[in-house]
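# Coordinate analysis (summary)
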Amino acid sequence: MSAADLAAYAGRALAGHRLRSLLSLLGVSVGIAAVILLTALGEGARRYVVDQFAQIGSSFVAVLPGKTDTTGAMPGVGGVPNDLTLEDTRALERALPQVDLIAPFVVATDEVAWRDRRRQVMVLGVTAEFAELRRLSLARGRFLPATELGRGGSLAVLGDRLARELFGNGDPIGAAVRIGGRRCRVIGVLAPRGQQLGMNMDDVVLVPVATGMRMFNRSSLFRIVIDVGPEGDVEAVKARALEVLVERHGEEDVTLITEAAVVDSLSAILDALTLAVAAIAAISLAVAGIGILNVLLVAVSERTAEIGLLRAVGASRRQVLACFLTEAVLLSGLGGAVGLAAGAAGVRILVGIWPALPAAPPAWAIAAAVVLSLAVGATFGWLPARRAAALDPVRALSGR
Amino acid sequence: MIELDRLSRTYEIGGEPVHALVEVTESIAAGEHVAIMGPSGSGKSTLLHLVGCLDRPTSGSYRFEGREVGALAEAELDRLRQRRFGFVFQAFHLVARLDGLGNVELPMVFAQVPRAERRERAHAALEAVGLAHRAGHRPSELSGGERQRLAIARALAMRPGVLLADEPTGNLDTKSGNAVLDLLDRLNGEGLTLLVVTHDPRVARRADRTVILADGAIVRRARREELAQALTEWGLGVEPHE
């Protein structure tokens, strides 16, 4: 029996029970659409994160105070890590002349006030390099000047939203705002930027790093970010930076993270999440499979006499098995096709609602959806098909 | 062509053995027209199923065209049913969702006859039973007589050597029954071996000879001219139901 004949025979049989067939097909469609939609979401989230890093541009190495990895040190040795200081920053600048920029910063949350308006925002103590690092542009005024690291100055650059909330339509440039009880003169306002690496750059205030450290009574920096530049050798810079800091601190008490490592680990986490979500969606396929099983069991018992006839006209057990298995695979395959289309439409709608999310089902999910839908039919169709093939032709002819 | 030697078939129903056929010995030559009669439960259908390789005997020997059927593998039996036997049933057993042509093509689909040839042969078979004009109709749109003729066309599609008919006129009125019987006679005249199970003496009367079964055993063989007497002897002479 050719594949076309099998498909035609099975297709006619399914068409004979349109509603029943459509309903069990729908079950598979829902499962497949769920797989497509959920993996598209997961993949979208992953791409979103990777894109965020790509926006930042070239490769960087971030230096964090403290050691996050377990070392083999004896208890009591090492202890509290040394501070990561502006002196360390200067030492890195001297040791790494080849890098694009080195940007130290501190972070805190504090109140920013102008006249009677107050806002709790993120305060970033940064240097002039920070604007370049984060590709920040200014709507008004200027950014923090490039001065000697240790020199603070009571200057502030406001995020777009913060500026609007404090000053409305007024011009903030030259105004004196209070940040954590200290008066700072506003010298610039950032252009709207939105969310970036988990920080809303519209809702921040930037002050010189030395000012920030004094303001919050910090002796250690939060990070030193080294922008290696697009052509730079990240690993070499990382190794040299570590060497410098270990020499200065007398022990390895800092953690260096490369952009690639961050992207990789985030990407891996989101991949795992996508897979988990896909697996959950796949459970609905098992439910759909039970639907197919049920429909086919009913079909076999309804068509017992037909099976007897097929055997009488010379169909082998194997051919009878193939007929019913084809019905199952046809049901689930069509369901899968409908599900793929519905899933794709769902993804389009999703992207329409939330354009920032680059949601698209990964290729493996589409392949898996196709394979899964066929596998569901073959698996759950097996039992009824076997039952049909095992019928005794004489008894089947009398409908028993 | 068909040689049965002490053929028996025993079923188990509820743990009790039921002797459906007991040591049946019979020979049927190619081109013969033989009727099988007997009361209900006498084993007529069982005999037909055994001859048609739908069932296997419990003991005894069945040689078909010189080959011992009992020794054949299942695939060989499938092949025999496919190529050498045509079945006609009282209940027609047409596939309701297929039209006339589709029903006639069905055996050829499973026998992997190429599509074009299949169509041609189905049309020829429909022509032979006088249903060429009904090729596109579904069984539900046909009369009883037409349905049975369609079933005969299906049985002929694979050009079998033997046609096995189980009460072919059982569900038909006299007129359409006669049309079916005329058709069977004609096919027999063209060389087709015919084995017909029936309750109806009018059907048996058309056969060259009749075999009468009772309780699974052959109790009487009658040539056409002896039929009336034989049926009276076995209480089968009365016209059946209706």
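Residues numbered from 1 in each chain as written. Chains lettered and ligands numbered in written order. Predicted model: local features only at pLDDT ≥ 70, side-chain atom pairs only at ≥ 80, totals over all residues. Heavy atoms only, no water.

### Details of the overall build of chain A
Summing up its helical and strand segments, chain A has 12 helices and 12 strands in all. For 400 residues, the compact-globule estimate of 2.2 N^0.38 gives 21 Å, and the C-alpha radius of gyration of chain A, at 33 Å, exceeds that figure by more than 25%. Viewed in the frame of its principal axes, chain A has a C-alpha envelope of about 100 × 55 × 40 Å. Residue burial in chain A is summarised as follows: out of 400 residues, 48% are buried. The contacts in chain A between residues at least 6 apart in sequence include a share of 81% that link residues at least 24 apart. (Helix = DSSP H or I, 4+ residues; strand = E, 2+ residues; numbered from the N terminus. Rg over C-alpha atoms; globule rule 2.2 N^0.38 Å. Buried < 20%, exposed > 50% of the residue type's maximum accessible area, 1.4 Å probe, protein only. Contact = heavy atoms within 4.5 Å.)

### Here we look at helix α11 (residues 363-390) of chain A
Look at α11(A): 40 Å from first C-alpha to last across 28 residues, which is about the 40 Å you get at 1.5 Å a residue. At Trp382(A), α11(A) shows its largest bend, some 45°, and a proline, Pro384(A), comes one to four positions later. (Expected span 1.5 Å × (residues − 1). Bend = angle between axes of the 7 residues up to and from the residue.)

### Considering the sheet that holds strand β7 (residues 162-166) of chain B
Strand pairing in a sheet takes place through backbone hydrogen bonds and is either antiparallel or parallel in direction. All names here are of chain B. Taken in spatial order, the 6 strands line up as β6-β7-β8-β3-β9-β10 in an open sheet, and their pairing is mixed. The sheet is open, and its two borders are formed by β6 (85-89) and β10 (217-223), each paired with just one other strand. Adjacent strand axes in the sheet meet at a mean angle of 20°, parallel and antiparallel pairs treated alike. Here 5 bridges tie β6 to β7, and the two strands are oriented parallel to one another. (Pairing = 2+ DSSP bridges. Axes fitted to C-alpha atoms, helices over the stretch in contact; angles between N-to-C directions.)

### Notes on the packing of helix α9 (residues 304-312) of chain A against helix α10 (residues 317-353) of chain A
Residues and elements named next belong to chain A. Contact pair α9 / α10: the axes reach a minimum separation of 10 Å and the direction vectors enclose 140°. Classed by the angle they form, the pair α9 and α10 counts as oblique. Taken as a pair, α9 and α10 cross one another with a handedness that is right-handed. The residues of α10 that touch α9, namely those facing Ile307, Leu310 and Arg311, are Arg317, Val320 and Phe324. For the contact of α9 with α10, the residue count by class is 4 nonpolar, no polar and 2 charged. (Parallel < 35°, antiparallel > 145°, perpendicular 65-115°, else oblique. Left-handed = near helix turned anticlockwise from the far one by under 90°. Nonpolar A, V, L, I, M, F, W, Y, C, P; charged D, E, K, R; others polar.)

### What about the pairing of strand β6 (residues 176-179) of chain A?
Residue and element names in this part refer to chain A. Only one face of β6 is covered, namely the face carrying Val177 and Ile179; the face carrying Ala176 and Arg178 is uncovered. Examined bridge by bridge, strand β2 (residues 101-114) and β6 share 2 bridges and lie antiparallel to one another. For alanine 113, the partnering residue across the bridge sits in β6 and is arginine 178. Inspection of the sheet shows β6 paired to strand β7 (residues 182-190) by 4 bridges, in the antiparallel sense. Bridge pairing in β7 places isoleucine 179 opposite arginine 182.

### Some details on a nonpolar patch on the surface
All names here are of chain A. On the surface, Leu19, Leu23, Leu26 and Val30 cluster together into a nonpolar patch covering about 410 Å² of accessible area. With respect to the secondary-structure elements, leucine 19 resides in helix α2 (residues 18-56). Owing to a relative accessible area of 62%, leucine 19 belongs among the exposed residues under this scheme. (Patch = residues over 30% accessible without salt bridge, like charges linked within 9 Å, V, L, I, M, F, W, Y side chains within 5 Å. Areas by Shrake-Rupley, 256 points an atom, 1.4 Å probe, with all protein chains shown as cover. Salt bridge = Lys/Arg side-chain N within 4 Å of Asp/Glu carboxyl O.)

### Topic: the sheet that holds strand β5 (residues 67-68) of chain B
Residues and elements named next belong to chain B. Here 4 strands make up an open sheet; going across it, the order is β2-β1-β4-β5 and the pairing antiparallel. Looking along the sheet, the strands with just one partner apiece sit at the ends: β2 (16-28) and β5. Packing of helix α1 (residues 44-51) onto the sheet brings it into contact with β1 (2-13), β2 and β4 (59-64), and relative to β1 it is tilted by some 120°.

### Thoughts on the confidence of the model for chain A
With 95% of its residues at a pLDDT of at least 70, chain A reaches an overall mean of 88. No element of chain A has a lower mean pLDDT than strand β8 (residues 195-196) of chain A, at 69, and none a higher one than α9(A), at 95. (pLDDT = per-residue confidence, 0-100.)

### Focus: the environment of Gly141(A)
Residue and element names in this part refer to chain A. Checked against the element boundaries, glycine 141 lands in strand β4 (residues 138-141). Taking the C-alpha atoms as reference, glycine 141 lies 9.4 Å from proline 172; in sequence the two are 31 residues apart. In this structure, glycine 141 is in contact with Ile173, Ile187 and Gly188, ignoring residues within four places of it in sequence.

### So, the packing of aromatic side chains
As enumerated under the stated definition, the model contains 7 aromatic pairs over all chains in all. Between Tyr9(A) and Phe110(B), the aromatic rings sit 5.9 Å apart at their centres with planes inclined by 80°, giving edge-to-face as the arrangement. Here Tyr9(A) is found in helix α1 (residues 3-15), whereas its partner Phe110(B) is found in helix α3 (residues 100-110) on a different chain. Per residue, the accessibility class of Tyr9(A) equals that of Phe110(B), and both read buried. A ring pair is formed by Phe87(B) and Phe89(B), whose centres lie 5.8 Å apart and whose planes are at 0°; its orientation type is stacked. These aromatic residues form a ring-pair network of at least three members: Phe105(A), Phe130(A) and Phe222(A). Above the face of the Phe222(A) ring, Arg223(A) is positioned so that its terminal group lies 4.2 Å from the ring centre. For the cation-ring pair, Arg97(B) lies above Tyr9(A), with the distance from its terminal atom to the ring centre recorded as 5.2 Å. (Phe/Tyr/Trp six-rings, centres within 6.5 Å; stacked < 30°, edge-to-face > 60°. Lys NZ or Arg CZ within 6 Å of the ring centre and 35° of its normal.)

### Examining the interface of chain A and chain B
Between chain A and chain B, the contact holds 23 residues from the first and 21 residues from the second. Of the roughly 2100 Å² buried between chain A and chain B on both sides combined, carbon and sulfur atoms contribute 59%. Taken as a group, Leu309(A), Val313(A) and Val394(A) account for 25% of the area that chain A buries against chain B, more than any other trio of residues on that side. Here chain A and chain B share 6 salt bridges between them. Residue Arg311(A) is joined to Glu74(B) by a salt bridge in which the shortest nitrogen-to-oxygen separation is 3.2 Å. The tally of links from chain A across to chain B stands at 11 residue pairs in polar contact (both at pLDDT 80 or more). (Buried area = accessible area lost by both parts, 1.4 Å probe. Polar contact = N/O pair within 3.5 Å; in protein donor to acceptor, adjacent residues only side chain to side chain.)

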